[in-house]
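One letter stands for each residue in the lines below.
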Amino acid sequence: MNPRHFISLLDLSGDEFRALIHRAIYLKNHRDPDYQPLKGKVMAMIFEKSSTRTRISFEAGMAHFGGSALFLSPRDTQLGRGEPLQDSAKVISSMVDCIMLRTDRHDTVTTFAEHSSVPVINGLTDQQHPCQLLADMQTYFEQRGDIQGKTVTWIGDGNNMCHSYIHAAMVLDFTLHIASPEGYYPDADIVAAAGARVKFFDTAIAAAEHADLIVTDVWASMGQEQEQQLREIAFRHYQVNSDIMKAANADALFMHCLPAHRGEEVTAEVIDGPQSIVFAEAENRLHAQKALLEFLICGK
Ligand code: CP
Ligand code: NVA
């Protein structure tokens, strides 16, 4: 039987996504050290890029559930010396119960999944960051209830986070406003698949109107560091500041997947202000991924 993977939010139905969110909220509020559904299970984590939240939340989540996690860097494994992905996927999946990858290229994760006999989780690629959206949506549900029919505004780069927000809008049925500078729009195929749920705006202020949630991300993602100066110019009118928050609904929330650059994509006033829920969002990586691990590995 083929294992159930989590490569994209589109791998989930709306009911499954909501069930994961509610399970994550339950696990957060009813921590039971005797509940060890992954006792003796091992997860391999392959990181081609840096991470604080993703690594710690998966490692801690496996430990809470009685299992363990291995941190693997391509620099220290044969992956970095060109061992074929197909062979690596077969070998690693013969020894562990789940594999998480954070890779430069999205097709590294999809190829790995094709050849893995155990569930594969996308821990961020250049195209998507679905684990982050599990936590973001859990955080919104905790604060405001179901997000169906609400309006979320994405300001900034049409990057991996933006793509996963488009997918979340499709699966959970909310409207996504996007304001991005020319040349930094999200992928056209991903946008086309979302149909009328995604709307583009010429300015960040216009996109923020009627928003229940404002979200942004860094101007230069991992691997784009050499574009920093160019991007600072391109994105200078796409900062989330108090004017943007004032244009949104009065009870609008602010999220950012972190790490953030205060004074660039968001002002300190906003990210450290009363509408910001970024630290609850970060903590929820742990709870949401525990629900995901249980779902993928235990099948419930
Ligand atoms: N948000 C997020 O994925 O953080 P890390 O890069 O620290 O894992
Ligand atoms: N867009 C960012 C997200 C980091 C969690 C990046 O890819 O670097």
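Residues numbered from 1 in each chain as written. Chains lettered and ligands numbered in written order. Predicted model: local features only at pLDDT ≥ 70, side-chain atom pairs only at ≥ 80, totals over all residues. Heavy atoms only, no water.

Colleague: Hey, could you go over the packing of helix α1 (residues 14–29) against helix α6 (residues 160–172) for me, with residue numbers and the actual values?
Modeller: Running from N to C, α1 and α6 cross one another at 105°; their axes reach a closest spacing of 8 Å. Taken together, the axes of α1 and α6 lie roughly perpendicular to each other. Judged by residue contacts, Gly14, Phe17, Arg18 and Ile21 of α1 engage Ala168, Val171 and Leu172 from α6. Of the residues belonging to the contact of α1 with α6, the class tally is five nonpolar, one polar and one charged. (Axes fitted to C-alpha atoms, helices over the stretch in contact; angles between N-to-C directions. Helix = DSSP H or I, 4+ residues; strand = E, 2+ residues; numbered from the N terminus. Parallel < 35°, antiparallel > 145°, perpendicular 65-115°, else oblique. Contact = heavy atoms within 4.5 Å. Nonpolar A, V, L, I, M, F, W, Y, C, P; charged D, E, K, R; others polar.)

Colleague: Help me get a handle on the pairing of strand β1 (residues 42–47), residues and values and all.
Modeller: Among the six residues in β1, five count as buried, and that is most of the element. Across five bridges, the pairing between β1 and strand β2 (residues 68–72) is parallel. Note on β2: the bridge partner recorded for Val42 is Ser68. On the question of chirality, the crossover connecting β1 to the parallel β2 by way of helix α2 (residues 53–64) is right-handed. In this sheet, strand β3 (residues 98–102) lies alongside β1 in parallel orientation, the contact comprising five bridges. Across the sheet, Phe47 pairs through a bridge with Arg102, a residue of β3. (Buried < 20%, exposed > 50% of the residue type's maximum accessible area, 1.4 Å probe, protein only. Pairing = 2+ DSSP bridges. Right-handed = clockwise from strand over helix to strand, strands pointing away.)

Colleague: Describe the side chain of Glu265, naming the residues involved and giving the relevant values.
Modeller: As for its position among the elements, Glu265 is in the loop between β9 (253–256) and α11 (268–271). Buried and unpaired, Glu265 has no salt bridge, with Arg262 as the nearest side chain of opposite charge at 8.1 Å. Within the structure, the side chain of Glu265 is placed 2.9 Å from the backbone nitrogen of His261, a separation counted as a polar contact. Beyond its immediate sequence surroundings of up to four residues, Glu265 is in contact with Thr216, Asp217, Val218, Trp219, Tyr238, Gln239, Val240, His256, Pro259 and Ala260. (Lys, Arg positive; Asp, Glu negative; His and termini not counted. Salt bridge = Lys/Arg side-chain N within 4 Å of Asp/Glu carboxyl O. Polar contact = N/O pair within 3.5 Å; in protein donor to acceptor, adjacent residues only side chain to side chain.)

Colleague: Let's hear about the layout of surface pockets: which residues, and what values?
Modeller: In this approach, a probe sized like a water molecule rolls over the atoms, and the result shows the empty space that is left. Here the largest pocket is characterised by a volume of approximately 380 Å³. In terms of lining residues, the largest pocket is bounded by 24 residues, among which Arg102, Leu124, Met222, Leu258 and Pro259 are the most central. If you list the elements that add at least two residues to the lining of the largest pocket, you get α2 and α6. When grouped by side-chain class, the residues that make up the lining of the largest pocket number eight nonpolar, 10 polar and six charged. Estimated volume of the second largest pocket: approximately 230 Å³. Considering only residue class, the lining of the second largest pocket consists of three nonpolar, seven polar and five charged. (1 Å grid on protein atoms, 1.4 Å probe; cavity = no way out; pocket = protein on both sides within 12 Å on 5 of 7 lines; lining within 4 Å. Points joined across faces, edges and corners; volume = space filled by probe spheres on them.)

Colleague: Residue-level account of the pairing of strand β8 (residues 213–216), with values.
Modeller: Of the two faces of β8, the one lined by Leu213 and Val215 and the one lined by Ile214 and Thr216 are each fully buried. As judged from the four bridges shared by strand β5 (residues 151–155) and β8, these two strands associate in the parallel manner. Paired with Trp154 across the bridge in β8 is Val215. Sheet analysis places β8 next to β9, joined by four bridges and oriented parallel. Counted as the bridge partner of Ile214 is Phe254 from β9.

Colleague: Can you explain unusual backbone geometry? Please cite residues and give values.
Modeller: Along the chain, Leu258 connects to Pro259 via a cis peptide bond; the corresponding omega equals 5°. For Asp173, which is not glycine, the phi dihedral falls at a positive 70°. Mapped onto the secondary structure, Asp173 falls in the loop between α6 and β6 (175–179). Residue Asp173 is classed as partly exposed on the basis of its relative accessible area, which comes to 31%.

Colleague: Hey, could you go over the site of ligand 2 for me, with residue numbers and the actual values?
Modeller: What surrounds ligand 2 is the set Leu124, Asn159, Asn160, Asp217, Ser221, Met222, Cys257 and Leu258. For ligand 2, an oxygen atom lies 2.8 Å from a polar atom in the side chain of Asn160. At 2.7 Å from a nitrogen atom of ligand 2 is found a side-chain nitrogen or oxygen belonging to Ser221. Within the complex, the protein chains bury 94% of what would otherwise be the 270 Å² of accessible surface of ligand 2. (Near = heavy atom within 4 Å. Areas by Shrake-Rupley, 256 points an atom, 1.4 Å probe, with all protein chains shown as cover.)

Colleague: Account for the sheet that holds β3, with residues named and values stated.
Modeller: Strand order across the open sheet formed by four strands is β2-β1-β3-β4, with parallel pairing between neighbours. Edge strands, defined here as strands with exactly one partner in the open sheet, are β2 and β4 (120–122). Geometrically, the sheet is characterised by an average inter-axis angle of 20° between neighbouring strands, direction not taken into account. Summarising the sheet, β3 and β4 pair through three bridges and their orientation is parallel. Across the sheet, the residue bridging to Leu101 is Asn122, located in β4.

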